[in-house]
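Here is how the chains run, residue by residue.
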Amino acid sequence: MSKALTIAKFGGTSVANYEVMQNCARIVISNTSTRIVVVSAAAGVTNHLVQLAHTPLTQQQIEEICAAVTKIELAILDKLPNALSVQPKLDDLLSELRSLAFHEEILKRADLKDQLLSLGERMSSLLFTEVLLEQGEHALNFDVRKVLRTDSEFGEATPNIEKIAEQADAYLRPELAKAIIVTQGFIGSDEQGRTTTLGRGGSDFTAALLAEGLDAQVCEIWTDVNGVFTTDPRITAAAKPLPELSFEEAAEMATFGAKVLHPATMEPALRKNVRVFVGSSTEPEKGGTWLVRDCKHEPPFRAITRRKEQVMVTVKTPKMMYAQGFLQQVFSIIAKHRLSVDLVTTSEIAVSFTLDNPANSVAHRLNKETIAELETICEVKVEDGFDLVTVVGNHMHSAKGVSSRIFAAIAEYNLRMICFGANPHNISFLVNEKDSSEIVRVLHQALFEVS
Ligand code: ADP
Ligand code: ASP
Ligand code: MG
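This structure is a prediction, so every number in the text was calculated from the model and none was measured.

*Asks:* How would you summarise the site of ligand 2 if you had to cite specific residues and measurements?
*Replies:* Residues in close proximity to ligand 2 include Ser-40, Ala-41, Thr-46, Glu-121, Phe-186, Arg-200, Gly-201, Gly-202 and Ser-203, which together make up its full environment. Within the backbone of Gly-202, an N or O atom sits 3.4 Å from an oxygen atom of ligand 2. Between an oxygen atom of ligand 2 and a main-chain N or O atom of Ser-203, the distance comes to 3.0 Å. Considered on its own, ligand 2 offers 260 Å² of accessible surface; in the complex 87% of this is hidden by protein.

Next up, the structure:
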């Protein structure tokens, strides 16, 4: 085995069924330096699990959701030549699913929720290992929780980088010479050994963390699009794949809504200078995007992103003019609840800021708690129905004509807040959700489709 190490991560649509798993197997086998494979849950499964973990449901509804998950997994199992011998292992996981789904404390206990959410990745990794085995490869299903140590913030746990490197060295490195390791994205364990999760879309982050821990050279993110595009190709067919992108730009894009990468993915990659590739598991021959530390070109406009489900919070106190320290009070409450604020505007008596508010997320719960606490010190108004549109690029503070090109293109739309990023890589604006797709299309045309 050569010393080069590649980690390949396959997202939900890439492992959605037996047929697409074959594409992934081909990608893994065609590159002998790929020794670790990180898989997501099969498409749709985590959404089902989130529903079970977060929504009050009737017994009948719980039954139906468990049946839907079971159907997805059994459809893959049934196609395996070795189905009979794998079935008991899958059955164990499916019965764990039922007992957690029907657990009387599932809606209250964050630790149980994460245990339940972990099942999607645990099932897909079991099945994908078998797909590799049937191709005659030595493959081994490895429980990532032995290595991926985190704190105990269930739902959005923070990884412990040193511990991960230590554990990876002790438990994962020795396995590399023996087999292709198939492991789970998204999940980890805390110091007490309880299962945690890294937040939605977290499998990309897992792959980058393992790449960091094992000093891998390349981390491949295989998904349903052939690279990172100038904007979400689901919003406009004119979006184009970007051959190259800096870690900083990619992090900015991910933070501001480009779902193709989890926002934290670039941190480990940057620390260890791991090259990250994003490509399509169904069309690997089309190439994709390379994320690198330094890009040859640093254009002022690189991409447009959109983050949905934003709320605008306005806090107001008639005393603000005199009450020095009000802002500090407001932001210390926000910080206490670990929320991050992207856009802020202030006037003499009011401060408005935006919060991410996706349904059934940790942020959603924290927002409620934060707003309740803010109400004890001031008047609070919460407005929803907004999306955040961001133009990502380079030298945006100093390049001439950047804002005029952007604002000329979208002059007709009602922008609720505008913010130049604290770094030179973004300009964001809050828009009504009904306008956001059109705004992205119009901006894309103005910035990327005319020469
Ligand atoms: P996976 O399940 O493989 O992790 P995701 O659904 O999380 O895949 O991410 C891929 C999706 O990200 C694409 O289908 C696409 O709609 C969306 N996306 C959003 N912004 C971008 C962008 N700038 N470039 C490419 N894809 C994007
Ligand atoms: N399965 C998890 C999710 O759907 C993690 C991932 O796919 O990256 O959020
Ligand atoms: Mg994803």
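*Asks:* Break down the packing of helix α1 (residues 18-30) against helix α6 (residues 119-134) for me, citing the residues and quoting the values.
*Replies:* Two numbers describe how α1 lies on α6: the axes approach to 10 Å, and their chain directions differ by 65°. The crossing of α1 and α6 is right-handed. For the pair α1 and α6, contact is made by Tyr-18, Met-21, Gln-22, Cys-24, Ala-25, Val-28 and Ile-29 and by Ser-124, Leu-127, Phe-128, Val-131, Leu-132 and Glu-134, respectively. In terms of residue class, the contact of α1 with α6 is made up of 10 nonpolar, 2 polar and 1 charged.

*Asks:* Outline the sheet that holds strand β12 (residues 344-346), supporting the account with residue identities and numerical values.
*Replies:* Across the sheet, 6 strands lie side by side as β12-β13-β11-β14-β16-β15; this open sheet has antiparallel pairing. Every other strand in the sheet has two partners, leaving β12 and β15 (415-420) as the edge strands with one partner each. Pairwise comparison of adjacent strand axes, ignoring direction, gives a mean angle of 25° for this sheet. Its contacts with the sheet put helix α11 (residues 326-336) on β11 (303-316), β12 and β13 (350-356), and the angle it makes with β13 is roughly 15°.

*Asks:* Tell me about the site of ligand 1, and name the residues and values.
*Replies:* Looking at ligand 1, there are 17 residues lining it, with Thr-223, Phe-229, Asp-232, Arg-234 and Lys-259 nearest. One of the side-chain N or O atoms of Asp-232 is found 2.8 Å from an oxygen atom in ligand 1. The separation between an oxygen atom of ligand 1 and a polar side-chain atom of Arg-234 is 2.7 Å. Taking 580 Å² as the accessible area of ligand 1 by itself, protein coverage stands at 91%. Along the lines of polarity and charge, the residues of the shell around ligand 1 split into 7 nonpolar, 5 polar and 5 charged.

*Asks:* Lay out the sheet that holds strand β3 (residues 139-142) with the relevant residues and their values.
*Replies:* Reading across the sheet, the 8 strands line up as β3-β4-β2-β1-β7-β9-β10-β8 and stay open at both edges, with mixed pairing between neighbours. Edge positions in the sheet fall to β3 and β8 (244-246), since each of these pairs with one other strand and no more. Across this sheet, the average inter-strand angle for adjacent strands is 20°, counted without regard to direction. Sitting on the sheet, α6 is in contact with β2 (34-39), β3 and β4 (180-184), with an inclination near 160° to β4. Packed on one face of the sheet, helix α9 (residues 247-255) meets β8, β9 (275-280) and β10 (288-292) and runs near 85° to β8.

*Asks:* Lay out the pattern of salt bridges in plain terms, naming residues and giving numbers.
*Replies:* In this structure the tally under the stated criterion is 27 salt bridges. For Asp-215, the salt bridge goes to Arg-173, with nearest N and O atoms at 4.0 Å. Placement of the pair is Asp-215 in the loop between α8 (203-213) and β7 (218-223) and Arg-173 in helix α7 (residues 161-176), with a sequence separation of 42 residues. Look at Asp-215 and you get partly exposed, because its relative accessible area is 43%. For Arg-416, the salt bridge goes to Glu-383, with nearest N and O atoms at 3.3 Å. Here the residue Arg-416 occupies a position in strand β15, and Glu-383 occupies one in strand β14 (residues 379-392), the gap between them amounting to 33 residues. Taking the relative accessible area as the measure of exposure, Glu-383 reaches 18% and is therefore buried.

*Asks:* Please set out the environment of Asn-226 residue by residue, giving values where relevant.
*Replies:* Within the secondary structure, Asn-226 sits in the loop between β7 and β8. The sequence separation of Asn-226 and Val-450 amounts to 224 residues, and the corresponding C-alpha distance is 23 Å. Other than its neighbours up to four places away in sequence, Asn-226 contacts Pro-241, Val-278, Gly-279, Ser-280, Lys-286, Gly-287 and Gly-288.

*Asks:* With reference to specific residues and values, describe unusual backbone geometry.
*Replies:* You will see that Asn-273, though not glycine, has its phi angle at about 50°, which is positive. Among the secondary structure elements, Asn-273 is positioned in the loop between α10 (266-272) and β9. With relative accessibility at 41%, the residue Asn-273 sits in the partly exposed group. Residue His-395 is not a glycine yet carries a positive backbone phi of 50°. Tracing the sequence through the fold places His-395 in the loop between β14 and α13 (402-409).

*Asks:* Report on the side chain of His-337, specifying residues and quantitative values.
*Replies:* Among the structural elements, His-337 can be located in the loop between α11 and β12. For His-337, a relative accessible area of 11% corresponds to the buried category. With sequence-adjacent residues up to four places away left out, His-337 is seen in contact with Leu-366, Glu-369, Thr-370 and Glu-373.

*Asks:* Tell me what's going on with the pairing of β4, and back it up with residues and numbers.
*Replies:* Most of β4 is tucked away: 5 of the 5 residues are buried. Across 4 bridges, β2 lies against β4 in parallel orientation. Looking across to β4, one finds that Val-39 is bridged to Gln-184. In terms of strand pairing, β3 meets β4 through 4 bridges, oriented parallel. Across the sheet, Leu-140 pairs through a bridge with Ile-181, a residue of β4. Handedness of the crossover joining β3 and β4 through α7 is recorded here as right-handed.

Parameters at a glance
Residues numbered from 1 in each chain as written. Chains lettered and ligands numbered in written order. Predicted model: local features only at pLDDT ≥ 70, side-chain atom pairs only at ≥ 80, totals over all residues. Heavy atoms only, no water. Near = heavy atom within 4 Å. Polar contact = N/O pair within 3.5 Å; in protein donor to acceptor, adjacent residues only side chain to side chain. Areas by Shrake-Rupley, 256 points an atom, 1.4 Å probe, with all protein chains shown as cover. Axes fitted to C-alpha atoms, helices over the stretch in contact; angles between N-to-C directions. Helix = DSSP H or I, 4+ residues; strand = E, 2+ residues; numbered from the N terminus. Left-handed = near helix turned anticlockwise from the far one by under 90°. Contact = heavy atoms within 4.5 Å. Nonpolar A, V, L, I, M, F, W, Y, C, P; charged D, E, K, R; others polar. Pairing = 2+ DSSP bridges. Salt bridge = Lys/Arg side-chain N within 4 Å of Asp/Glu carboxyl O. Buried < 20%, exposed > 50% of the residue type's maximum accessible area, 1.4 Å probe, protein only. Right-handed = clockwise from strand over helix to strand, strands pointing away.

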